[in-house]
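So you can see what is in the structure, the chains are spelled out below.
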Amino acid sequence: MTLFGSDAQLRDRVNGLLASMSLEQKIGQMVMAERSTCSPEDVRNFHLGAVLCGSGSHPEENTPAAWVKMNDAYWAAAMAAGPGHVAIPTLFGVDAIHGHCNVSGATVFPHNIGLGAAADAGLVRRIAQITAREVLASGIEWTFAPNLAVARNICWGRSYESVGEQVRPVVDFARAAVEGLQGDLGENAVLACAKHWVGDGGNAHGIDHGNNPAELEALREIDMAPYLAALEAGVLTIMASFNSWKGEKCHGHKFLLTDILKGELQFKGMLISDWEGTTYLSDDYHSAVGQAVNAGIDMFMVPESWHRFIESLHQHALNGSVSMTRINNAVRRILAVKIAYGLFERPRPAARPWSNHPSFGCAEHRNLAREAVRKSLVLLQNRNSVLPLDKTARLLVAGKNAHNRGHLCGGFSIEWQGVSGNEQIPGATSIWEGVQALAANASLSEDPLGGDADPQQHDVALVVVGEYPYAEGLGDVRLNEQMMVETGSQMSGAMIVREPYGRTLELCQLHPEDLQLISNIAAKGIPVVTVLVSGRPLVVNRELEKSVAFVAAWLPGSEGLGVAEVLFGDYDFQGRLPFSWPRTDADAGAQDQPGFTPLFPYGYGLSYQGMLEENTSANGSRLRKTLRRLALRR
Ligand code: BGC
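As a convention, each chain's residues are numbered from 1 in the sequence order in which they are written. Note on the predicted model: pLDDT of at least 70 is required for a residue's local features to be given, and 80 or more for side-chain atom pairs to be given and counted; whole-chain, interface and lining totals, by contrast, use all residues. Note that water and hydrogens are dropped before the side-chain values are worked out from all heavy atoms of the structure.

K.L.:
Can you lay out the side chain of Asn 404 for me, pointing to particular residues and giving the numbers?
P.N.:
Inspection of the secondary structure puts Asn 404 in the loop between strand S13 (395–398) and helix H14 (405–409). Classification of residues uses two cut-offs on accessible area relative to the type maximum, computed with a 1.4 Å probe and protein chains only: under 20% is buried, over 50% is exposed, and between them is partly exposed. With a relative accessible area of 8%, Asn 404 lands in the buried category. The contacts of Asn 404, once residues within four sequence positions are left out, are Ser 420, Gly 421, Asn 422 and Ser 430. Here a strand is any run of E in DSSP of at least two residues, a helix any run of H or I of at least four, and the numbering for each starts at the N terminus. Residue contacts follow a heavy-atom distance rule, with two residues in contact if any of their heavy atoms lie within 4.5 Å.

K.L.:
Requested: an account of unusual backbone geometry, with residues and values cited.
P.N.:
Omega for the peptide link from Ala 145 to Pro 146 comes to 10°, which places this bond in the cis form. Summarising the element assignment, Pro 146 is placed in the loop between strand S4 (142–143) and helix H7 (167–182). In this structure, the amide linkage connecting Trp 197 to the following residue, Val 198, adopts the cis form with an omega of 5°. Along the polypeptide, Val 198 turns up in the loop between strand S5 (193–197) and strand S6 (211–212). Residue His 205 is not a glycine yet carries a positive backbone phi of 60°. In this structure, His 205 sits in the loop between S5 and S6. Classification of His 205 as partly exposed rests on a relative accessible area of 28%. You will see that Phe 412, though not glycine, has its phi angle at about 55°, which is positive. One can find Phe 412 in the loop between H14 and helix H15 (431–438).

K.L.:
Help me get a handle on the nonpolar core, residues and values and all.
P.N.:
In this text, buried Ala, Val, Leu, Ile, Met, Phe, Trp, Tyr and Cys residues form a nonpolar core when linked through side-chain atoms within 4.5 Å. Counting residues in each nonpolar core, the largest one holds 123 residues, and the members touching the most others are Trp 142, Trp 197, Ile 238 and Ile 272. If near-sequence neighbours (up to four positions away) are discounted, Ile 272 is found in contact with Met 32, Trp 142, Phe 144, Cys 193, Ile 238, Met 239, Ala 240, Ile 297, Met 299 and Met 301. One finds Val 373, Leu 387, Trp 432 and Ala 439 within the second-largest nonpolar core, a separate group that totals 80 residues.

K.L.:
Describe the packing of helix H6 (residues 121–137) against H7, and please don't skip the residues or the numbers.
P.N.:
Orientation of H6 relative to H7, taken along the N-to-C sense of each, is 30°, at an axis distance of 7 Å. Looking at the two axes, H6 sits roughly parallel to H7. When the axes of H6 and H7 are compared, the crossing they make is right-handed. For the pair formed by H6 and H7, the contact residues are Ala 121, Val 124, Arg 125, Ala 128, Gln 129 and Ala 132 on the first element and Phe 173, Ala 176, Ala 177, Glu 179, Gly 180 and Leu 181 on the second. Looking at side-chain class alone, the contact of H6 with H7 contains 8 nonpolar, 2 polar and 2 charged residues. Axis geometry follows a simple rule: fit a line to the C-alpha atoms, using only the stretch in contact for helices, then measure angles between N-to-C directions, giving values from 0 to 180 degrees. For this classification, under 35 degrees means roughly parallel, over 145 means roughly antiparallel, 65 to 115 means roughly perpendicular, and everything else is oblique. Note on convention: the crossing is left-handed when the near helix lies turned anticlockwise from the far helix by less than a right angle, right-handed when the turn is clockwise. Ten residues, namely Ala, Val, Leu, Ile, Met, Phe, Trp, Tyr, Cys and Pro, are considered nonpolar, four, namely Asp, Glu, Lys and Arg, are considered charged, and the remaining ones, Gly among them, are considered polar.

K.L.:
How would you summarise helix H1 (residues 8–19) if you had to cite specific residues and measurements?
P.N.:
For H1, with 12 residues, the first-to-last C-alpha span of 16 Å sits near the 16 Å given by 1.5 Å per residue. For H1, the complete set of buried residues consists of Leu 10, Val 14, Leu 17 and Leu 18. One side of H1 holds all its buried residues, which, seen down the axis, span an arc of 100°. In this structure, H1 carries Gln 9, Asp 12 and Ala 19 as exposed residues pointing more than 90 degrees from its buried face. In this structure, the buried residues of H1 make contact with helix H2 (23–29) and helix H12 (324–340). By the criterion applied in these results, polar contacts are pairs of N or O atoms within 3.5 Å in which, for protein atoms, one can donate a hydrogen and the other can accept it, and in which residues neighboring in sequence qualify only through two side-chain atoms. Measuring from the backbone nitrogen of Gln 9 back to the side-chain oxygen at the start of H1 gives 3.2 Å, which picks out Asp 7 as the cap. Each helix should span, by expectation, one fewer than its residue count multiplied by 1.5 Å. In this description, the arc belongs to the directions extending from the helix axis to the C-beta atoms.

K.L.:
Quick rundown of the domain arrangement of the protein? Include the residues and the values.
P.N.:
Residue ranges labeled as domains rest on an automatic or database domain assignment. If you check the domain split of the protein, you get domain 1 (8–81 + 88–351) and domain 2 (377–473 + 507–633). Measuring from the centre of the C-alpha atoms in domain 1 to the corresponding centre in domain 2 gives 33 Å. By buried area we mean the combined loss of accessible area, with a 1.4 Å probe, across both parts when two parts are placed together. Considering only the surface of domain 1 that becomes buried against domain 2, Ile 154, Glu 165 and Gln 166 emerge as the three largest contributors, covering 19% of it. Salt bridge, as used here, is a side-chain nitrogen of Lys or Arg placed within 4 Å of a carboxyl oxygen of Asp or Glu. Across the contact surface, domain 1 and domain 2 share 2 salt bridges. Asp 592 is the salt-bridge partner of Arg 152, the closest N and O atoms lying 2.3 Å from each other. Summed over the shared surface of domain 1 and domain 2, the number is 18 residue pairs in polar contact (both at pLDDT 80 or more). Of all the elements in the fold, those that place two or more residues in the side of domain 1 that touches domain 2 are helix H5 (112–118), H7 and helix H8 (216–232).

K.L.:
Lay out the state of the cysteines with the relevant residues and their values.
P.N.:
Whenever a pair of cysteine sulfur atoms sits within 2.5 Å, that pair is classed as a disulfide. On inspection of all chains with the given rule, the structure shows 0 disulfides. Of the cysteine sulfurs around Cys 53, a residue in no disulfide, the closest is that of Cys 38, at 9.8 Å. Cysteine Cys 508 is unpaired, with the sulfur of Cys 155 as its nearest cysteine sulfur at 15 Å.

K.L.:
With reference to specific residues and values, describe the pattern of salt bridges.
P.N.:
Inspection of every chain in the model, using the stated rule, returns 29 salt bridges. Taking the shortest distance from any N to any O, the salt bridge between Arg 125 and Glu 179 comes out at 3.0 Å. Highlighted residues: Arg 125 in helix H6 and Glu 179 in helix H7, separated in sequence by 54 residues. Looking at Arg 125, the relative accessible area reads 30%, which means it is partly exposed. Residue Glu 179 is classed as partly exposed on the basis of its relative accessible area, which comes to 31%. We note a salt bridge from Glu 467 to Arg 536, for which the minimum N-O separation is 2.9 Å. Residue Glu 467 is found in the loop between strand S15 (460–466) and helix H16 (481–489), and its partner Arg 536 is found in the loop between strand S16 (528–533) and helix H19 (541–546); the two are separated by 69 residues along the sequence. The class of Glu 467 is buried, set by a relative accessible area of 3%. The buried category is assigned to Arg 536, whose relative accessible area is 0%.

And the structure:
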């Protein structure tokens, strides 16, 4: 990373600013508050360095114009220089993790799991570029993306934020995503934030906020590898992870944060904490703050506790338990990122060229999302070549996810836990709406159990089933509580224990209504084509058996039409499994165990021409061998 090290001009500018700042302003620069807990006056009075909109948080009117206005007010307050306050523009951050998914009317791209199936770095780069434009349209300059987890256990509720279970694709994704978002740091760029450093994808049993027990060598080869690519691509910010490594929380881990990331890997940018991530280090808030700052976190996402954080860090600075050298270093990094991004030179948000741009959510952006959807679909079964569907066939479309745009988008869409229904995702198409646009004789079932399916009237049924939206730990599947107890007992510091999504990966137990519906329709002699909408592979043996064709659609986002285009054969399938597909619950996280026989292997996928070529590149098989070797050692 060449950005700061040798740039004398940048160094001088940072030092000049630092010399004119009071301790209060330095501490303020290290704080990121949440919009609902801080006013523009707070930004001015407490010199806050950054503001965020947590997922699901938005100005009262959720339009790009209202977002621009909001950030404009924060910016203006920060820039009002006066005694004791040097003008330093605030940074505003948001989770634009699959498009600018917090804002109404945005283009919502498939979640990363779908991009993993598409395996197309060029596509990732273009998506990142368009996401950057939609973020800029709302006057915002920073996204907490990309997520670089190599998810090793599909029980994890964040599996869909991962590109897949193997390292190489995540490495390729990391580079393309950072390049797409940050570009040349010019007018079209937003700041990227690689997250979460480090090892959350390897948490034992896939428990969110849990513990990654890997040896350092495995942590390097699996979990850290994508960050090397992100660093090479010049990523300017990185977020610390909620998880522990070998029982110690990452947020307080000096070896991981400072020695490895900033020392060995030469990260010169800004390291931020996750949402109140510091508080898990200790029951005593004050000592947790000292630990996290000393471990190397520069900017603190303290949406709820920022007043307390400021007081606490001030105390630490006064009594020397956090040195001025460490505080100055943190502030230097924050200022350097702001300068490198050109924040000081950019006009106020309302006057920036992309702000309120009419391209927000436009057809061209949606076409790109639709392309991504088409490329992400994985065909698992196609008996009697029932697919592609005939556009003139009398098609019955059924299932709870058939006409539900919110469910297609999944978590981190408008709300943290996602939304249900169609109204909150304007400008989108559900799968039913996509089908309707292409096939004149299709009809939507009115009965959740398929009572209206009729072999006299329907040639074939398209049944769209799967999961409800979820995010983070609330999406965990916890196969048994003992795992949780064990994990907790091996960790120092606290861990959030949330009600999990379920206790099994078996779809017929999580959502018995889905199998019921498929079976009811199949029992009438109507061939069933099943489309699974889900944030991970699930155990679907029984649903597969009753279906003639079966498609994994992941969480495709706002463009359900893309699903219909492939089902009707306008385009062929080209997606391949980014995760091994389980036969039973026991397959979760077992991909490196000897004798592992998933229902469908990693990389599997059919097309209208037959089996897609297996991913047997030298790289791929070498990687598999490495992973197997590492797993055995663990
Ligand atoms: C998540 C982060 C996210 C942050 C801000 C946290 O709960 O772990 O990935 O960026 O919230 O919304």
